[in-house]
Amino acid sequence: MSDGIDVKNLTVAYRNGVTALRDASFTVPQGSVTALVGVNGAGKSTLFKALMGLLPHAAGQVGIMGGTVEQALARNLVAYVPQAEEVDWSFPVLVQDVVMMGRYGHMGFFRRPRPQDRQAVDTALARVGMADFRHRQIGELSGGQKKRVFLARAIAQDARVILLDEPFTGVDVKTEEAIIALLKAMRDEGRVMLVSTHDLGSVPEYCDRVVMVKGTVLASGPTGTTFTPENLKRAFGGVLRHFVLGGAALHDDADQRSVDVFTDDERPLVFYDHRARTRDPE
Ligand SMILES: Nc1ncnc2c1ncn2[C@@H]1O[C@H](COP(=O)(O)OP(=O)(O)OP(=O)(O)O)[C@@H](O)[C@H]1O
């Protein structure tokens, strides 16, 4: 088993009989930012739930940092940064309390924070640039600020595998850049960052690897060899068309704003941005 995520022939079924993932296999090494992409209903959330031990495995194995999911959970190795819709924002809890939840697994039975727990919360809040908001109610934050607080919770937990569900939905460009910088820094610390995203255009910009799902894992590996138009077509379907945005008059050759668009009956499905692919990684 590898030191990252190691999924072999995994099949996951819900109680109503829906098999959301069948015979899925992939590995993600330590120290990587990996995109998890696929159409709605492809099985991305199901895969996250399986990695968090929330769904039984009908078949196959999941290895995390060389152990089982149960061992990983017992060692607080896995953290989840949820989609905004999954959280009850009316719940009266302060930003610092949400981040302290990341420390629960490190505390004793009575969950009494020790100085090192408070220190971990301070460090995590500072890292995501939210220290000034620590006494705010979580419901009184913008979408991007909420994402950063949940990322801080994962940092305070000192998780080695961090699962992020759509971290860029509803965040502005500046926050997106800040989150990407943080993901890269955490990758460089040897963590595994698995990011579910529908924003395909920016995947090559910050992801070392890609896992493509559609009821199973269609393809996985380094971005350069996996995030190809052929694999995207398999994962998303549709017809590949090439567009130059805005027409030639609006831009010069140095900044060709061209994208591929996968369309289905003239309906755009996904964009595939050439500029991002050719951009330097750093
Ligand atoms: N609780 C559930 N009970 C039964 N079936 C479910 C449940 N949750 C999801 N499914 C089904 O499992 C399949 C995979 O869904 P999943 O939520 O994993 O997709 P996804 O890739 O995360 O989609 P999205 O991009 O829309 O979030 C779908 O067919 C879905 O209808």
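Refer to the structure above for everything that follows.
Just so we're clear, the structure is a prediction, and the values are computed from it rather than from any experiment. (Residues numbered from 1 in each chain as written. Predicted model: local features only at pLDDT ≥ 70, side-chain atom pairs only at ≥ 80, totals over all residues.)

Trainee: Outline the overall build of the chain, supporting the account with residue identities and numerical values.
Mentor: Broken down by element type, the chain carries ten helices and twelve strands. Within the chain, residue pairs in contact and separated by at least 24 positions form 64% of the contacts whose partners lie at least 6 positions apart. (Helix = DSSP H or I, 4+ residues; strand = E, 2+ residues; numbered from the N terminus. Contact = placed C-beta atoms within 7 Å.)

Trainee: Can you explain the site of the ligand? Please cite residues and give values.
Mentor: In the vicinity of the ligand, the contacting residues are Tyr14, Asn16, Val18, Ala20, Gly38, Asn40, Gly41, Ala42, Gly43, Lys44, Ser45 and Thr46. Looking at the shell around the ligand, the element that brings in the most residues is helix 1 (residues 44-51), giving three residues. (Near = placed C-beta within 6 Å.)

Trainee: Hey, could you go over the nonpolar core for me, with residue numbers and the actual values?
Mentor: Core analysis: the biggest nonpolar cluster contains 69 residues, and Val99, Ala152 and Ile162 have the highest contact counts within it. At seven residues, the largest contribution of residues to this core is made by helix 5 (residues 143-157). What Ile162 contacts, discounting residues up to four positions off in sequence, is Ala79, Val81, Ala154, Met186, Arg191 and Met193. (Core = buried A, V, L, I, M, F, W, Y, C linked by C-beta atoms within 7 Å. Buried ≥ 20, exposed ≤ 12 C-beta atoms within 10 Å, placed from the backbone.)

Trainee: Would you mind going over the environment of Arg111 in detail, with residue names and values included?
Mentor: One can find Arg111 in the loop between helix 3 (95-101) and helix 4 (115-127). On the basis of neighbour counts, which here come to 13 C-beta atoms within 10 Å, the residue Arg111 falls in the partly exposed class. Measuring from C-alpha to C-alpha, the distance between Arg111 and Met100 comes to 9.9 Å, with eleven residues separating the pair along the chain.

Trainee: Go over the sheet that holds strand 4 (residues 59-64), please, and point to the residues and values.
Mentor: The three strands are arranged 2-1-4 in an open sheet whose pairing can be described as antiparallel. With one partner strand each, in any of the chains shown, strand 2 (19-28) and strand 4 form the two edges of the open sheet. Across the sheet, the axes of successive neighbouring strands diverge by a mean angle of 20 degrees, strand direction being ignored. Note: strand 1 (residues 5-13) against strand 4, five bridges, orientation antiparallel. (Pairing = 2+ DSSP bridges. Axes fitted to C-alpha atoms, helices over the stretch in contact; angles between N-to-C directions.)

Trainee: Residues and numbers for helix 1, please.
Mentor: Within helix 1, six of the eight residues are buried, which leaves the element mostly enclosed by the surrounding structure. With its phi angle positive at about 75 degrees, Gly53 sits one or two positions after the end of helix 1.

Trainee: Tell me about the sheet that holds strand 9 (residues 217-222), and please be specific about residues and values.
Mentor: As summarised here, the arrangement of the six strands in space is 5-6-7-3-8-9, forming an open sheet in which the pairing is mixed. Here the strands that pair on one side only, and so sit at the sheet edges, are strand 5 (78-81) and strand 9. In this sheet, adjacent strand axes meet at a mean angle of 15 degrees when their direction is disregarded. Contacts from helix 5 reach strand 5 and strand 6 (161-165), with the element oriented near 175 degrees to strand 5. Along the sheet, helix 9 (residues 229-236) makes contact with strand 3 (32-37), strand 8 (209-213) and strand 9, crossing strand 9 at roughly 150 degrees.

Trainee: Tell me about the packing of helix 4 against helix 5, and name the residues and values.
Mentor: Two elements in contact, helix 4 and helix 5, have axes separated by 8 Å at closest approach and are oriented at 140 degrees. In this view, helix 4 runs oblique relative to helix 5, as classed from their interaxial angle. In this structure, helix 4 crosses over helix 5, and the sense of that crossing is right-handed. For the pair formed by helix 4 and helix 5, the contact residues are Ala120, Val121, Ala124, Leu125 and Arg127 on the first element and Ala152, Ile155 and Ala156 on the second. Residue composition of the contact of helix 4 with helix 5, by class: seven nonpolar, no polar and one charged. (Parallel < 35°, antiparallel > 145°, perpendicular 65-115°, else oblique. Left-handed = near helix turned anticlockwise from the far one by under 90°. Nonpolar A, V, L, I, M, F, W, Y, C, P; charged D, E, K, R; others polar.)

Trainee: Pulling in residues and values, what's your account of the pairing of strand 9?
Mentor: Two strands pair when backbone bridges link them, and strand 8 and strand 9 are joined in this way by five bridges, in the antiparallel orientation. Bridge pairing in strand 9 links Arg209 to Pro222. Between strand 8 and strand 9, which pair antiparallel in sequence order, lie three residues; one of them, Gly215, sits at a positive phi of approximately 75 degrees.

Trainee: An account of the environment of Leu183 is needed here, citing residue identities and associated values.
Mentor: By secondary structure assignment, the location of Leu183 is in helix 6 (residues 173-188). Take Leu183: there are 20 C-beta atoms within 10 Å of it, and that puts it in the buried class. When the C-alpha atoms of Leu183 and Tyr206 are compared, they prove to be 8.4 Å apart, with 23 residues separating the residues in sequence.

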